[in-house]
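# Residue-level structural notes
One letter stands for each residue in the lines below.
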Amino acid sequence: MKKKLMVLGVAILMVLSFVGCSSSAEEEKSAVEMIKEKGKIVVGTSADYPPYEFHKEINGVDTYVGFDIAIAQKIAEDMGVELEIVDMKFDGLLAALTGKKIDFIAAGMNPTEERKKAVDFSMVYYDAHSTMLVAADKVDMLKAPEDFKGLKVGVQKGTIQEEIADTQFPDSEKVAISKIPNLIMELQSGKIDGIILAEVVAKSYADANESIAVNNLDLGSEGGVALAINKNQEDLLSQINSTLETIIEDKTLEKYIIEATELSAQ
């Protein structure tokens, strides 16, 4: 009986040892190796931010487009894998990344010091200034922060524009909403009086809606946008930066931006 128990104990130890070795081998694999093994890289985005990322019906099919999407596709191509796109609310992206539901974020995200505590960022590949959208019939009345005293200013939740509202519009009521189309509806219905957005995004929405306009208020640089990656994934960060450096140097990024901006205006 004792002999049988000893044999069983040895068998269990061997199984546990095998499992332990498998876990260690898995842990030793780099982020890029695991992505190539899966055959796909998963990008998280918030596709309501033209021309960065947005939905467009192409040949009758709802399609993700925008220059961030084009960048993500080029990264996947350079790695020799497929691209999977996960669309979600902007303020849920960081949690999805750190929870390993996605491999990286491409969503016009600013690499703020607060965000850097949780994730790493690629090189900055684009910078834009923030401005405001207002009702077209009020564009000559609402031109400066003081004009919004006692009024409601809309921002996308979790963005750098929230900070702009807090610091530059202290006498206004900030209204933070997760999705930009919902902010546009609030503006068109008169429930809010302005929306702070990146200039290129504001112009895209204004071009598509005659009832709203850009007031050309310069609220300063956003600090640039970058792609977010989980910490301690140096190989993936290097791969992404290599792609970004290439498309910046050969002007491919400029082509992506022009094409996305033209597409958003159609």
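The rules behind each value
- Residues numbered from 1 in each chain as written.
- Predicted model: local features only at pLDDT ≥ 70, side-chain atom pairs only at ≥ 80, totals over all residues.
- Heavy atoms only, no water.
- Helix = DSSP H or I, 4+ residues; strand = E, 2+ residues; numbered from the N terminus.
- Phe/Tyr/Trp six-rings, centres within 6.5 Å; stacked < 30°, edge-to-face > 60°.
- Buried < 20%, exposed > 50% of the residue type's maximum accessible area, 1.4 Å probe, protein only.
- Contact = heavy atoms within 4.5 Å.
- Pairing = 2+ DSSP bridges.

### Thoughts on the environment of Gly158
- By the secondary structure assignment, Gly158 is in the loop between β9 (152-156) and α6 (160-168).
- Expressed as a C-alpha distance, the spacing of Gly158 and Ala176, which sit 18 residues apart in the sequence, is 8.3 Å.

### Let's talk about the packing of aromatic side chains
- Tallying each qualifying case throughout the model produces five aromatic pairs.
- Ring centres of Tyr52 and Tyr126 lie 5.8 Å apart, and the angle between their planes is 75°; this geometry places the pair in the edge-to-face category. In this pair, Tyr52 sits in the loop between β2 (48-49) and β3 (53-58) while Tyr126 sits in the loop between β7 (119-121) and β8 (130-135), placing the two residues 74 residues apart along the sequence.
- Geometrically, the ring pair formed by Phe148 and Phe169 is edge-to-face, given 5.7 Å between the ring centres and 80° between the ring planes. Here Phe148 is found in the loop between β8 and β9, whereas its partner Phe169 is found in the loop between α6 and β10 (173-177), with 21 residues between them in sequence.
- Its relative accessible area of 3% is what places Phe169 among the buried residues.
- By way of ring pairs, the aromatic residues Tyr49, Tyr52, Phe67 and Tyr126 are connected into one cluster.

### With respect to helix α8 (residues 199-208)
- Regarding α8, the residues found buried are Val200, Val201, Ala202, Ser204, Tyr205 and Ala206.
- Summarising the contacts, the buried residues of α8 are in contact with β2, β8, α7 (180-188), β11 (194-198), β12 (212-214) and α10 (252-264).

### Re the sheet that holds β2
- One open sheet holds the three strands; their spatial order is β2-β3-β4, and the pairing between them is antiparallel. Both edges of this open sheet fall to β2 and β4 (61-65), since each of them pairs with a single strand only.
- Sheet analysis places β3 next to β4, joined by five bridges and oriented antiparallel. In the strand pairing of β4, Glu57 is matched with Asp62.

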